[in-house]
Amino acid sequence: MRKMIFGALRAPVGLSAISIAATLALVAVTAQAAPLGSAPIAPLSKKLVDPRIVDLGVADASAGRDVTLTLALRNKAALDAFVANVGNPKSASFRKFITPAQFAASYGQTPAAVAQVVSFLTAQGFKINQVHANNLLISIHGTNAQLAATFGTAIHNYSLNGETYQDSATALKLPAQLAGIATGVSGVSTKAAFHTHGATIPNTGALAGDVASAGTVSGVVPPSGPGSYTVLDLASQYNVNPLYGKGLTGAGRTIGIATLASYSKTDVFSYWSQLGLAVDPNRITNVNVDGGALPKDGPTSGGAGETTLDIEQSGGIAPGANIRVYIAPNAGNGFLDLFAAAINENLVDVLSVSWGSPEIYNGQSDTDAFHAVFLQAAAQGIPVIAASGDAGAFDINRSYTYPQCTTLLTVDFPAADPLVLAAGGTTLPSSVQHRYGPVTVTQERPWGWDYLRDYITTYYGNALFYESYYTVGAGGGVSVNYALPDFQTALTGTLASAPAQSLFCDAAFLGDPSTTGYEDLVDLPANYVGRNLPDLSLNADPYSGYSVYFQNAWGTGSGGTSFVAPQLNGILTLIASGLPAGSRIGPINPQLYAAFKAKGYAVGSPFRAITTGDNEYYKAAAHYNPASGLGSLDVSALSTALGGK
Amino acid sequence: MNFIKKLALVASLALAGMGAAQAAGTFIPMDSGAPGDFENSWSFNSVAFGETGPAGTTFADYFLFNVPDDEYVSFSLFGSKVTFRALDDSLGFVLYGLGGSPFLVDLKTGTTAHSIEGGTYKLTSGVYELDVFGAFTRTNGTYDVNIFGSPVPEPSGWALLLAGLGVTGLMVRRRKQQA
């Protein structure tokens with residue numbers, strides 16, 4: 001603690017003078033036209049740079065790898081208007097979708113511009129892997145030396161938490177020859193950037209056996225109940241069965257799963273067959289993107305559990321649908337290419353993903369590149385669904401754990417993109433017997449494990465609560481990267497970003513030997529009128545969760561919004577099978593919110609209000625809220641609202 | 001001073017201070033609490049930060065703390081051989097919210113007394129900075145800071161809140177008597 005003669009009221013030491021200076025500097029920079037060929041690809045000012053990263057020096061110049069050059073959309077305003085119309089039931093253009101070729105012709109770069117880029121990159125020594133059908137992405141292969149020479153930055157080796165990877169040492173600079181055409185380069189970093197959104201009942205250490213049925217493994221279908229529900233229970237809970245009664249199965253439609261790990265087909269077919277679901281043995285097609293999953297994400301990995309449950313859940317709810325499973329490496333340009341591959345193929349009717357990362361990890365060019373692909377999906381009529389995360393209102397605290405770091409209200413990507421349906425989570429009514437007594441939830445509420453706080457802190461202590469139960473729940477909150485979309489305007493319950501959001505971490509936790517105490521990692525803007533998420537919620541709490549068939553056995557006590565995204569995929573695919581042949585649902589969020597504004601929670605509404613509880617910060621209420629979104633579903637009513645059977 | 005004037009003062013001084021080096025504040029972790037006791041509180045003594053000295057020494061200490069949930073938070077400072085007033089300034093303590101848009105929550109005029117009660121503020125989840133200013137009136141002076149948070153209650157929980165604030169008031173009175 002320093003001493004000083006105090007002269008005047010001062011700015012807070014946390015950041016004010018620095019941040020104000022940075023803000024003014026940013027204003028000064030953006031007010032000037034940057035010279036072509038020297039402008040760095042700008043990150044968002046909120047982007048978090050992890051101080052735990054260790055620079056290991058310049059990487060092998062001859063090492064080769066794949067990256068994807070992202071190109072600028074053309075006619076962006078017209079595309080935005082087109083997407084708004086195809087998602088608006090009152091528009092004459094409602095559900096009049098276009099093909100990838102039509103999209104490329106209207107909104108992708110021109111063939112001449114693409115040829116110019118290809119010619120330039122070839123001259124630099126890059127091999128062209130693929131010009132994507134949308135004329136917005138060009139995947140290339142080159143060496144680190146070529147990347148460095150072309151994009152004005154050295155490529156270094158880094159390590160973080162024991163993982164080594166390569167990345168640019170400084171911001172990339174687009175060559176002048178690409179000005180006005182290219183916007184960025186995806187995949188320069190080879191770090192595994194995305195994680196699954198699954199969760200299980202804590203069942204190790206002092207908590208082992210706290211819930212007797214947690215994590216049990218069985219060769220037969222576990223008895224139905226909290227922690228061991230299946231798609232059959234989900235169908236009853238959310239009124240899917242009337243659609244089956246009308247003969248809908250998803251037949252003639254195709255589910256799309258985007259994932260970063262492989263799996264075993266034997267597991268998913270066993271799940272369906274043991275539940276008595278009749279399915280086509282040839283219903284699944286695997287599509288490897290950029291070579292498919294990394295070896296560490298093979299069929300026995302933790303990520304394989306994610307892929308497995310994604311297929312089991314979506315395909316179980318729509319047992320007549322075909323399934324295309326897109327599998328990419330969790331590194332470099334894999335995630336972007338994953339979506340691009342699925343959307344450019346244009347063979348799936350709904351696409352879901354249960355992998356993500358905090359939105360503030362992304363730079364502006366990444367955010368824009370993904371958004372362009374999601375615009376394409378909307379234009380082609382493909383709803384995209386993403387899990388909203390499993391760290392409650394504090395998405396980033398999954399990695400920067402409390403109390404080693406401060407809490408930071410944050411949301412997950414890609415769920416934060418307004419073109420994506422953000423799948424949130426709830427806890428179903430239940431009375432779960434724990435070692436020291438039952439814990440009862442009387443009505444469906446947002447998933448947030450603070451309802452277990454009294455029990456855990458009383459019998460196991462506060463430290464264990466922080467370690468295993470705090471910042472666990474359904475992802476939800478306010479984006480600081482995406483503005484409030486039109487469909488969420490004039491909607492009671494939406495919020496702006498909260499004040500006082502700074503992430504401080506203990507230097508010891510960060511492994512920073514250069515200092516002691518706490519370090520300020522990132523500061524987020526207050527009162528930003530951002531996209532609110534989630535949009536919808538279904539049961540996701542492991543305590544009221546699900547059974548999964550994985551590695552030839554049934555396991556109980558699984559949950560997470562990882563379940564909800566594929567469940568909504570199956571539900572929308574099922575509904576789509578009741579639409580006229582050849583039609584798709586299209587941009588889903590504008591249709592959901594229009595239905596909500598028309599029907600609210602009245603009788604016959606697709607939406608069921610979640611009115612009590614929270615996701616460890618945001619509170620549920622009988623209107624939109626960032627804990628549960630619009631609430632949970634009556635699927636039969638949703639089908640009617642979307643024009644289905 | 002009304003709030004608008006305070007904000008204007010903070011803004012002007014923040015800009016004026018841009019050229020000055022800024023030292024980091026001290027982060028104060030929340031008290032761990034006993035099992036089942038989940039009230040948020042932060043209690044610390046200035047000695048822990050080496051804040052003591054001969055008579056006449058002034059100090060300006062900056063403490064950062066994280067409020068995980070929305071809380072009603074009260075502040076109490078108890079000095080021993082301390083006056084909470086900088087020699088050339090009238091400030092006692094200042095409370096800021098941090099984040100990308102720092103803001104002033106409140107400031108308290110300095111006092112020659114040995115304690116300050118900072119009132120109770122409804123703070124939303126986030127990181128805050130408490131600045132404390134004063135001087136030692138005699139050698140080896142020290143001071144304690146007690147920050148007590150109580151959850152923003154559901155409508156049925158107002159009685160508990162009032163009880164919690166009552167406990168805080170009792171603590172303040174006892175500290176005053178001891179000083």
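Residues numbered from 1 in each chain as written. Chains lettered and ligands numbered in written order. Predicted model: local features only at pLDDT ≥ 70, side-chain atom pairs only at ≥ 80, totals over all residues.

Undergrad: Which residues make up the sheet that holds strand S7 (residues 182–186) of chain A, and what values go with them?
TA: All names here are of chain A. Read across the open sheet, the 4 strands follow the order S3-S4-S2-S7; overall the sheet is antiparallel. Looking at the sheet topology across the chains shown, the edges are occupied by strand S3 (127–131) and S7. Each neighbouring strand pair of the sheet contributes to a mean axis angle of 25 degrees, computed without reference to strand direction. Its contacts with the sheet put helix H5 (residues 144–151) on strand S2 (64–71), strand S4 (137–143) and S7, and the angle it makes with S4 is roughly 120 degrees. (Pairing = 2+ DSSP bridges. Helix = DSSP H or I, 4+ residues; strand = E, 2+ residues; numbered from the N terminus. Axes fitted to C-alpha atoms, helices over the stretch in contact; angles between N-to-C directions. Contact = placed C-beta atoms within 7 Å.)

Undergrad: Explain helix H16 (residues 588–599) of chain A to me, and be specific about the residues and the numbers.
TA: Residue and element names in this part refer to chain A. With 12 residues, H16 should cover 16 Å at 1.5 Å per step; its first-to-last C-alpha distance of 16 Å lies within 8% of that length. Looking at H16, one finds that the buried residues are Ile588, Asn589, Pro590, Gln591, Leu592, Tyr593, Ala595 and Phe596. Buried-residue contacts for H16 involve strand S18 (420–427), helix H15 (561–576), strand S29 (607–608) and helix H17 (635–641). A positive backbone phi angle near 55 degrees is found at Gly600, which sits one or two residues after H16. (Expected span 1.5 Å × (residues − 1). Buried ≥ 20, exposed ≤ 12 C-beta atoms within 10 Å, placed from the backbone.)

Undergrad: I'd like to hear about the pairing of S7(A), residue by residue, with values.
TA: Residues and elements named next belong to chain A. Judged by how many residues are buried, S7 sits mostly within the fold: 5 of 5 residues are covered. Taken together, the 4 bridges between S2 and S7 define a ladder with antiparallel strand orientation. For Leu71, the partnering residue across the bridge sits in S7 and is Ala182.

Undergrad: Describe the sheet that holds strand S10 (residues 142–151) of chain B, with residues and values.
TA: Residues and elements named next belong to chain B. Reading across the sheet, the 4 strands line up as S2-S10-S4-S8 and stay open at both edges, with antiparallel pairing between neighbours. Two strands bound the open sheet, and with one partner strand each, they are strand S2 (40–45) and strand S8 (115–123). For this sheet, the mean inter-axis angle between neighbouring strands, taken without regard to orientation, is 10 degrees. The pairing of S2 with S10 spans 6 bridges and is antiparallel. If you follow Phe44 over to S10, its bridge partner there is Val145.

Undergrad: Can you lay out helix H3 (residues 100–107) of chain A for me, pointing to particular residues and giving the numbers?
TA: All names here are of chain A. Taken together, the buried positions of H3 are Phe103, Ala104 and Tyr107. Down the axis of H3, the buried side of the element spans an arc of 105 degrees, and every buried residue falls inside it. Those residues of H3 hidden inside the fold are in contact with helix H2 (76–86) and helix H11 (364–380). (Arc of directions from axis to C-beta.)

Undergrad: Break down the environment of Asn615(A) for me, with residues and values.
TA: Residue and element names in this part refer to chain A. Mapped onto the elements of the fold, Asn615 is located in the loop between S29 and strand S30 (632–633). For Asn615, a count of 34 C-beta atoms within 10 Å translates into the label buried. For the pair Asn615 and Trp447, spaced 168 residues apart in sequence, the C-alpha separation works out to 5.6 Å. When residues no more than four places from it in sequence are discounted, the contact partners of Asn615 are Gly392, Ala393, Pro446, Trp447, Gly448, Gly473, Ala474, Gly476 and Ala627.

Undergrad: Could you give me a rundown of the domain arrangement of chain A, with the residues and numbers involved?
TA: Residues and elements named next belong to chain A. What the domain assignment lists for chain A is domain 1 (54–186) and domain 2 (225–641). Taking only C-alpha atoms, the centre of domain 1 and the centre of domain 2 are 27 Å apart. Looking at the side of domain 1 that touches domain 2, the elements with two or more residues in it are S2, H2, H3, S4 and S7. The biggest single contributor to the side of domain 1 that touches domain 2 is S2, with 5 residues. Split into classes, the residues belonging to the side of domain 1 that touches domain 2 amount to 14 nonpolar, 11 polar and 3 charged. (Domains from an automatic or database assignment. Nonpolar A, V, L, I, M, F, W, Y, C, P; charged D, E, K, R; others polar.)

Undergrad: So what's going on with the confidence of the model for chain B? Residues and values would help.
TA: Of the residues in chain B, 65% have a pLDDT of 70 or more, and the chain-wide mean is 72. Predicted confidence for residues 1–23 of chain B stays below pLDDT 50, and this span has 29 contacts to residues more than four positions away or in other chains. (pLDDT = per-residue confidence, 0-100.)

Undergrad: Quick rundown of the confidence of the model for chain A? Include the residues and the values.
TA: Reading fine detail from the predicted coordinates is not recommended where pLDDT is low. Residue and element names in this part refer to chain A. Per-residue pLDDT for chain A has a mean of 91; in total, 93% of the residues score no lower than 70. Counting interchain partners and residues more than four positions distant, the pLDDT-below-50 stretch residues 1–10 has 29 contacts. pLDDT under 50 marks residues 14–46. Its contacts with residues more than four places away, or in other chains, come to 58 contacts.

Undergrad: Give me unusual backbone geometry: which residues, what numbers.
TA: All names here are of chain A. In the segment running from Tyr402 into Pro403, the intervening peptide bond is cis, with an omega of 5 degrees. The residue after Leu533, namely Pro534, is reached through a cis peptide bond having omega 15 degrees. When you line up the elements, Pro534 lands in the loop between strand S25 (530–533) and strand S26 (536–539). At Asn161, a position not held by glycine, the phi torsion is positive, near 55 degrees. When you line up the elements, Asn161 lands in the loop between strand S5 (155–160) and strand S6 (163–168).

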